[in-house]
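# Fold and contact review
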Amino acid sequence: MDSAHRRHLLLDTRVVEDAHNAELALGTVEKHAGNPLFGEDKPWEMRFDNLYANVIYDDEERLYKCWYSPFIVDHSSMGMSLQQRQAARYRAPGDREMAICYATSVDGLTWVKPELGLVEYEGSRANNILWRGGGDTRKLRAGPHGAGVLKDLRDPDPARRYKAFLKSEILSVAFSADGVHWASPIACPEANSAGDTHNNAFWAPTLGRYVGITRQWGKPFGRQVARTSSVDFLDWESTRIALEGLDPNHQTYAMPAFYHGGVYIGLVAIHDQNADRVWTELTWSPDTSTWHRVLPGTPFITNGGEAGDYDWGCVYPAACPVFLDNEVRLYYGASDGLHTSWRNGYLCLATLRADGFAGYKASDATVLATLTTTPVHWEAGTLRVSADIAPGGEVVVRVLGPDRQVLAASRPMASTVSDGIVEWLDHRAPIATETKCRLEFTFRKATVYSFSMEAPVAGP
């Protein structure tokens, strides 16, 4: 839809020229009532740890698919009481081993862990493990570690339809025709990355390149989000730091990223070193190199409940959201204990209204709010708006000319809309003499998230 409608998210500061009595606010994330969706219910799922989930909806197969990375050799917290966890310090075993597992779902809520028959675990192949390290177990702590998996319809080679970006001793890539049977990893030494996090890669349409998000370490902030890129998914640039914490106590742990609405959005996991808990915040970038945090210090996906509740301890975003017509599905890995302690892990789901990552609302609810965009390309076609509008609230849109003169005004929008069509007072789309115009939004009891413009249909 983005390409057809020239979508603009208002969290993008390049779009907003000025705002009066209006402030940017995070969207409302709602956790699914059925959480957690699945947990460590298989003998080989010793510790989900950070899960590092990758969830897609496969339109071709009409199936949700999830690749996740549990430790299959570790100490399990299953069955331990909170008192038992507090009494015994958790220490990772020396032969700790991570693997990649696979699950599917018809509706994205009820998941199946199929017996793939691919990898042996304790003498049996009746499991959903599709990849484990093998060989010298002393090296397995790094791989296959933190795998990011994507389905790439752009690649003409069917053997490269699925791609993985992961650490296998060093940062590496791998390819698969079906997402289940994988070729051997190919090392990418030029990337020169630590890679000990949830590595993820995606196609950046504005750059014409693949971008990889991974990790480096440095003083004084410790964990750092690092970026690399590649034209062919094989030869990667040396990583450069893209984002780090605001102070050494709040470190950037991982950041799944994706393209939506003309910008790149990142879901950055923040590790509080003192509290030893992890939450998820929101970031955006115009180019994948420079990232801007939206309300830093304020969680986007919050921790819930109290110690022992399923996502009290840690919240790690999956890569990447699933965009449906009426909602955005934000899958995440959760745990009920502290990051470096005993904890049980789960796959969970939160949802967001369409385009509802962040939007503008009135700073003072008793006063009308106004937001004016920078000049945007105008084709006198259909204008659509996404906004939450409370009872008694409204949103009015005006098209402004080069001297901010009003060229057209809309009828008030009085109820919540997603890509709602703006209706003009003169019953016609405004015809502007300029190729670029500003839009002015005036609103009350409302949060405005995005607008998009659809070019007019050419006549016969």
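Residues numbered from 1 in each chain as written. Predicted model: local features only at pLDDT ≥ 70, side-chain atom pairs only at ≥ 80, totals over all residues. Heavy atoms only, no water.

### A closer look at unusual backbone geometry
This is how the line gets drawn: Where helices and strands are cited, they refer to DSSP runs of H or I of at least four residues and of E of at least two residues respectively, numbered from the N terminus. When accessible area is computed with a 1.4 Å probe and restricted to protein chains, residues below 20% of their type maximum are described as buried, those above 50% as exposed, and intermediate ones as partly exposed.
With omega at 0°, the peptide bond leading from Lys 219 into Pro 220 counts as cis. Inspection of the secondary structure puts Pro 220 in the loop between β17 (209-218) and β18 (222-230). Put simply, Ala 319 and Cys 320 share a cis peptide bond, and its omega is -15°. In this structure, Cys 320 sits in the loop between β25 (314-317) and β26 (322-323). Phi is positive for Asp 49, close to 55°, though the residue is something other than glycine. Here Asp 49 falls in the buried class, since its relative accessible area comes to 12%. Positive phi values are uncommon outside glycine, yet Lys 445 reaches one of about 50°. You can see Lys 445 is positioned in strand β35 (residues 436-454).

### Quick look at the confidence of the model for the protein chain
In plain terms, the rule: A residue's pLDDT is simply how confident the predictor is in it, with values from 0 to 100. The criterion used for residue contact is that any of the two residues' heavy atoms lie within 4.5 Å.
Across the protein chain, the average pLDDT comes to 93, with 93% of residues at or above 70. Every residue in residues 135-142 scores below 50 in pLDDT, and together they form 11 contacts with partners more than four places removed in sequence or on other chains.

### Considering the sheet that holds strand β19 (residues 240-244)
Hydrogen bonding along the main chain pairs the strands of a sheet, whether they run parallel or antiparallel. The following threshold applies: Two strands pair under a simple rule: DSSP has to find at least two bridges between them. Axis lines are fitted to C-alpha atoms, over the contacting stretch for helices. Their N-to-C directions set the angle, which ranges from 0 to 180 degrees.
The antiparallel open sheet is built from four strands, whose spatial order is β16-β17-β18-β19. Single-partner strands in this sheet number two, and they are β16 (200-204) and β19. The sheet shows a mean angle of 35° between the axes of neighbouring strands, taken without regard to direction. Pairing of β17 with β18 involves nine bridges; the strand directions are antiparallel. Within β18, the position partnered with Arg 215 by the bridge is Val 225.

### Brief notes about the state of the cysteines
Stated formally: In plain terms, two cysteine sulfur atoms within 2.5 Å form what is called a disulfide here.
Throughout the structure, instances matching the rule amount to zero disulfides. Looking at Cys 320, it has no disulfide partner, and the nearest cysteine sulfur is the one in Cys 66, 12 Å off. A relative accessible area of 29% means that Cys 320 is categorised as partly exposed.

### Thoughts on the environment of Pro 36
Within the fold, Pro 36 resides in the loop between β4 (30-31) and β5 (38-39). Exposure remark for Pro 36: the relative accessible area of 30% places this residue in the partly exposed category. Between the alpha carbons of Pro 36 and Leu 338 there is a distance of 17 Å; along the sequence they are 302 residues apart.

### Quick word on the layout of surface pockets
Worth spelling out the cut-off: Here a cavity denotes grid points, spaced 1 Å and computed from the protein atoms alone, that fit a 1.4 Å probe unable to get out, and a pocket denotes an open set having protein on both sides within 12 Å along at least 5 of 7 lines; residues with an atom within 4 Å of a point are the lining. Grid points are joined across faces, edges and corners, and a volume is the space filled by probe spheres set on the points. The nonpolar class holds Ala, Val, Leu, Ile, Met, Phe, Trp, Tyr, Cys and Pro. Asp, Glu, Lys and Arg form the charged class, and all remaining residues, Gly among them, are polar.
Its boundaries defined by the atoms lining it, the largest pocket holds a volume of some 1,500 Å³. Lining the largest pocket are 40 residues, and of these Tyr 259, Cys 320, Pro 321, Val 322 and Phe 323 lie nearest its centre. If you list the elements that add at least two residues to the lining of the largest pocket, you get α1 (2-5), β6 (54-58), β12 (145-151), β16, β21 (257-260), β26 and β34 (417-421). Its residues assigned to classes, the lining of the largest pocket comprises 22 nonpolar, seven polar and 11 charged.

### Things to note about the pattern of salt bridges
Put simply, the rule reads: Counted as salt bridges are all cases of a side-chain nitrogen of Lys or Arg within 4 Å of a carboxyl oxygen of Asp or Glu.
On inspection of all chains with the given rule, the structure shows 30 salt bridges. Between Arg 343 and Asp 49 there is a salt bridge; the shortest N-O distance is 3.3 Å. Highlighted residues: Arg 343 in the loop between β27 (327-335) and β28 (345-353) and Asp 49 in the loop between β5 and β6, separated in sequence by 294 residues. One exposure class covers both Arg 343 and Asp 49, and it is buried. Three or more residues joined by partner-sharing salt bridges are found here, namely Arg 47, Asp 49, Asp 74, Arg 96 and Arg 343.

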